[in-house]
Structures are given as C-alpha cells and as structure tokens.
Amino acid sequence: MRGPGRRQAGGATATHHSTQLAAQYVGRDPSPEALAAVKKNLGFDQPLYTQYWQFIHGIFFGRTFHYGPDASHCDVPCFGYSFKTHLPVWPQITQRLPVTISLAVGAAVIRLVTGVGIGVLSALRRGSLFDRFSMTIALAGVSLPIFFTALVSLALFSYKWAIFPNLHYVPLTEDPVAWAKNLILPWVTLAFLYSALYARLTRAGTLETMGEDYIRTARAKGLRERRVVVRHGLRSALTPIVTIFGLDVGLLLGGAVLTETAFSLPGVGQYAVQAINENDLPKIMAVTTLAAFFIVVANLLVDILYVALDPRVRYK
C-alpha cells in the first residue's frame, strides 16, 4: 500500500508544479480551461522524461509550440519562451552576453596578471615586508565577499569621490574608451577576490617548485636567474592556477551574478537574478545550460594548456 500511495503523491506533486508554471504563463485568476490549454501547448501534461527530451531536442533542432490553431516555431537553440514576456529566451540572452563577456574577460586579465605577479614576487622575496604586506591584503581579499567590496567600491569611487560617476555599460563598438572607463571599477572589484586567491596559490606553488632538483640543475648550468624562474619554475607552478582560472572564466561567462547586480550591468547575471525573482523557468534553464557549456569548454581548454605549460605532462 505504501508504494502506490507514494506514486500517487509524487504524481499529484508533479501535477501541482506544472499547474503553477502554467498559471504564471496565463496570468492572474486563470480559468481551468485556460490552464489545461497552456499545459498541453507547453507539454506540461506529458511525462517528465518526454519534457526533458523535448527540451534537449529544441536546443539542437528547434521546437514548434502549438497554440490552438496557431503554431510558433522556436529556432535553434531553442530554450522556450519566457513565462512573463512570452518572448523567446535565447535572443534575450544574446543581447546581454556581450556585457558579461566584457566583464569576465577584463576581470580575468587583471586578476591573472596581478595575482600571478604578486605571488611570484612574494615567493622570491619570502619573509620580506612586501611578502607580508601582499599576503595580508590577499587574505583580506579572500575573506571579503564580493557584494561587500562592490558596495564599498561604489560608495567610495562612484559617489564620494566621483572618480567613476554614473556607471553604465557602453558597447565596445560604439566607444572603446567609454566602454573601458565604465568597466574599470567592476573589473577591479571582481578581480580583487580572485587575484588574492591566485597570489596565495602562486606563492605556494613557486616556493615548492623552486626547491625541486631540476631547478638546482638549471642554476648549476649557469642559466640566468630570470630564465630559471620564468621558464622552468613558473611554468610548473602555474598548473593549478590554470585549473582554477579555467573554472573561474567558465563561471563568470555563465553570469557574474553579484557584480552585475551591484553595478546594474545588464548582463546574463542580472538576467538570471530577474528570472529567479520572477520564477521564470525557461530563463533559469537557459542561463544554467549556458553556464554549464562555458565550464565544459573552459575545462577542455585547460587540459590542452597543460601540455604547453608543464613539460612533464604529455598526451598519449
């Protein structure tokens, strides 16, 4: 008796959730007939595995939605239509994607250059005043949440001192100078957290690598110290940094949620926040799938870069 009862309860729960989703698409106080029609048109009356297959099929081959006698074709990649605006989701994301890419790439360059540079200098000057000061700042950067540093940056540099007033996104094709000027503060704010982490990891990796036997051999051959550090030591120390960097870039391209929300940047991250607040399932699914895609691609590129960075790694 417990098995059938559980199946009935699970089916009732699924039906209740599909009814809620259909109600969001129809509007307030929908009639039972309108709810049933929307559930049928969107496929909510079908089993979950069928709905999942239709979702995957729509991404690669497109999908046709039937609304009574009318039909609407959703082009590839199809993530459905918004419950609130009734517009296709993918074109809305492509309009916002340049904002997220601009934010992610700029912050990635800053955090990689500053984090690795400070980490190497701290390792080479271990125990110095620079090492202690930089690691203290790095500890603060790792500890402070991004939404706190973003609000503090806005309060100081945008409102109090007005160094970057009236921040808003300007497309790169319209005005490259205004594009960079309006993104400097979000870049630095977003890069601060990751630069601190990269600096600590680079310092630890460099200290470990510089004590290896092949480093002593390179020095015994009479190579210049700069070449020993850059060509032999840094390449091996960067392997874990590249791993984390690939994951970070993938996540940021999927949507820098907190940074875009704090600085009111109309990117994919802000789009995801709006979708969650509105419980707009097609938007949420599209952003999640996009983020997963970027993470997979970033990990693939990281595996390829291993060979170029670390001579000890070889593909067979």
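What counts and what doesn't
- Residues numbered from 1 in each chain as written.
- Predicted model: local features only at pLDDT ≥ 70, side-chain atom pairs only at ≥ 80, totals over all residues.
- Heavy atoms only, no water.
- Phe/Tyr/Trp six-rings, centres within 6.5 Å; stacked < 30°, edge-to-face > 60°.
- Lys NZ or Arg CZ within 6 Å of the ring centre and 35° of its normal.
- Helix = DSSP H or I, 4+ residues; strand = E, 2+ residues; numbered from the N terminus.
- Expected span 1.5 Å × (residues − 1).
- Bend = angle between axes of the 7 residues up to and from the residue.
- Buried < 20%, exposed > 50% of the residue type's maximum accessible area, 1.4 Å probe, protein only.
- Core = buried A, V, L, I, M, F, W, Y, C linked by side-chain atoms within 4.5 Å.
- Axes fitted to C-alpha atoms, helices over the stretch in contact; angles between N-to-C directions.
- Parallel < 35°, antiparallel > 145°, perpendicular 65-115°, else oblique.
- Left-handed = near helix turned anticlockwise from the far one by under 90°.
- Contact = heavy atoms within 4.5 Å.
- Nonpolar A, V, L, I, M, F, W, Y, C, P; charged D, E, K, R; others polar.
- pLDDT = per-residue confidence, 0-100.
- Disulfide = S-S within 2.5 Å.
- Patch = residues over 30% accessible without salt bridge, like charges linked within 9 Å, V, L, I, M, F, W, Y side chains within 5 Å.
- Areas by Shrake-Rupley, 256 points an atom, 1.4 Å probe, with all protein chains shown as cover.
- Salt bridge = Lys/Arg side-chain N within 4 Å of Asp/Glu carboxyl O.
- 1 Å grid on protein atoms, 1.4 Å probe; cavity = no way out; pocket = protein on both sides within 12 Å on 5 of 7 lines; lining within 4 Å.
- Points joined across faces, edges and corners; volume = space filled by probe spheres on them.

Undergrad: What should I look at first to understand the packing of aromatic side chains in this one?
TA: Here a ring pair, both rings aromatic, is described through the centre-centre distance and the interplanar angle of the planes. According to the stated counting rule, one finds 6 aromatic pairs in the structure shown. Clustering of aromatic rings is evident, with ring pairs tying together Phe55, Phe79 and Trp90. The cationic tip of arginine 111 hangs over the ring face of tyrosine 194; the distance from NZ or CZ to the ring centre is 4.6 Å. Sitting over the face of the ring of phenylalanine 130, arginine 125 holds its NZ or CZ atom 5.9 Å from the ring centroid.

Undergrad: Just to check I follow, could you spell out helix H4 (residues 89-124) for this structure?
TA: Since one α-helical turn is 3.6 residues long, residues separated by three or four positions face the same way. Counted at 1.5 Å a residue, the expected span for H4 with its 36 residues is 52 Å, and the 51 Å between its end C-alpha atoms agrees. At arginine 96, H4 is deflected by roughly 35 degrees, the largest bend along its length, and proline proline 98 occurs up to four residues later in sequence.

Undergrad: Teacher, can you tell me more about unusual backbone geometry here?
TA: Both trends apply: most residues other than glycine have a negative phi, and most peptide bonds are in trans. Cis geometry marks the peptide bond from valine 76 to proline 77; its omega dihedral reads -10 degrees. Residue placement: proline 77 occurs in the loop between strand E2 (70-74) and H4. One non-glycine residue, histidine 86, lies in the positive phi region at around 60 degrees. Tracing the backbone shows histidine 86 in the loop between E2 and H4. Its identity is not glycine, yet asparagine 166 carries a phi of approximately 50 degrees, on the positive side. When its relative accessible area of 65% is taken as the criterion, asparagine 166 is described as exposed.

Undergrad: I tried to follow the nonpolar core on my own but got confused; where do I start?
TA: The tendency in soluble globular proteins is for nonpolar side chains to be buried as a group. Grouped together as the largest cluster of nonpolar side chains are 34 residues, with contacts concentrated most on Ile93, Leu190, Phe263 and Leu265. Per-element accounting of this core gives the leading share, 7 residues, to H4. Counting 11 residues, the second largest nonpolar core, distinct from the first, contains Val116, Ile215, Leu234 and Leu238.

Undergrad: Help me out: how do you make sense of the packing of helix H5 (residues 129-143) against helix H7 (residues 176-209) in this one?
TA: Angle between the axes and distance between the axes are the two parameters that describe a pair of packed helices. At a minimum axis separation of 8 Å, H5 and H7 run at an interaxial angle of 130 degrees. If you check the angle between H5 and H7, you find them oblique. In this structure, H5 meets H7 at a crossing whose hand is left-handed. Each of Asp131, Met135, Ile137, Ala138, Leu139, Gly141 and Val142 in H5 lies in contact with H7, whose residues at this interface are Phe192, Leu193, Ala196, Leu197, Ala199, Arg200 and Arg203. Among the residues forming the contact of H5 with H7, the class breakdown is 10 nonpolar, 1 polar and 3 charged.

Undergrad: What am I meant to see in the confidence of the model for the protein here?
TA: The predicted coordinates should not be examined in detail at positions where pLDDT is low. Mean pLDDT over the protein: 82, with 89% of residues reaching 70 or higher. When pLDDT is averaged over each helix and strand of the protein, the minimum, 59, is found for helix H1 (residues 2-26) and the maximum, 91, for H4. Here residues 1-10 is modelled with pLDDT under 50, and outside its nearest four sequence neighbours on either side it reaches 0 contacts, counting other chains as well.

Undergrad: Sorry if this is basic, but what is going on with the environment of leucine 300 here?
TA: Note that leucine 300 resides in helix H13 (residues 281-309). Through-space distance from the C-alpha of leucine 300 to that of glycine 246 is 8.8 Å; in sequence the pair is 54 residues apart.

Undergrad: Can you help me understand the state of the cysteines in this one?
TA: As used here, a disulfide is simply a covalent bond connecting the sulfur atoms of two cysteines. If you walk through the whole model with that rule in mind, you get 1 disulfide. Here cysteine 74 pairs with cysteine 78 through a disulfide, and the sulfurs are 2.3 Å apart. Torsion about the S-S bond of the cysteine 74 and cysteine 78 cystine: about 110 degrees, corresponding to right-handed handedness. Take cysteine 74 and cysteine 78: they sit in the same class, and that class is buried.

Undergrad: I'm lost on the packing of H4 against H7 in this one. Help?
TA: Running from N to C, H4 and H7 cross one another at 35 degrees; their axes reach a closest spacing of 5 Å. As H4 packs across H7, the resulting crossing turns out to be right-handed. Per-class residue counts for the contact of H4 with H7 are 19 nonpolar, 9 polar and 2 charged.

Undergrad: Looking at this structure, how should I read a nonpolar patch on the surface?
TA: Residues Phe133, Ile137, Leu144, Phe147, Phe148, Val152, Phe192, Val257 and Leu258 make up a contiguous nonpolar surface patch of about 760 Å² in total accessible area. Those elements giving two or more residues to the nonpolar patch turn out to be H5, helix H6 (146-160) and helix H11 (257-262). For the nonpolar patch, the element with the highest residue contribution is H6, accounting for 3 residues. Structurally, valine 257 can be placed in helix H11. Residue valine 257 is classed as partly exposed on the basis of its relative accessible area of 34%.

Undergrad: How do you make sense of the layout of surface pockets when you look at a structure like this?
TA: Gaps left between atoms show up when a probe the size of a water molecule is rolled over them. When its volume is computed, the second largest pocket comes out at roughly 240 Å³. Ile118, Ile137, Phe192, Ser195 and Ala196 are the residues nearest the centre of the second largest pocket, which is lined by 15 residues in total. Listing elements by their share of the lining of the second largest pocket, those giving two or more residues are H4, H5 and H7. Considering each element in turn, the lining of the second largest pocket owes the most residues, 6 residues, to H7.

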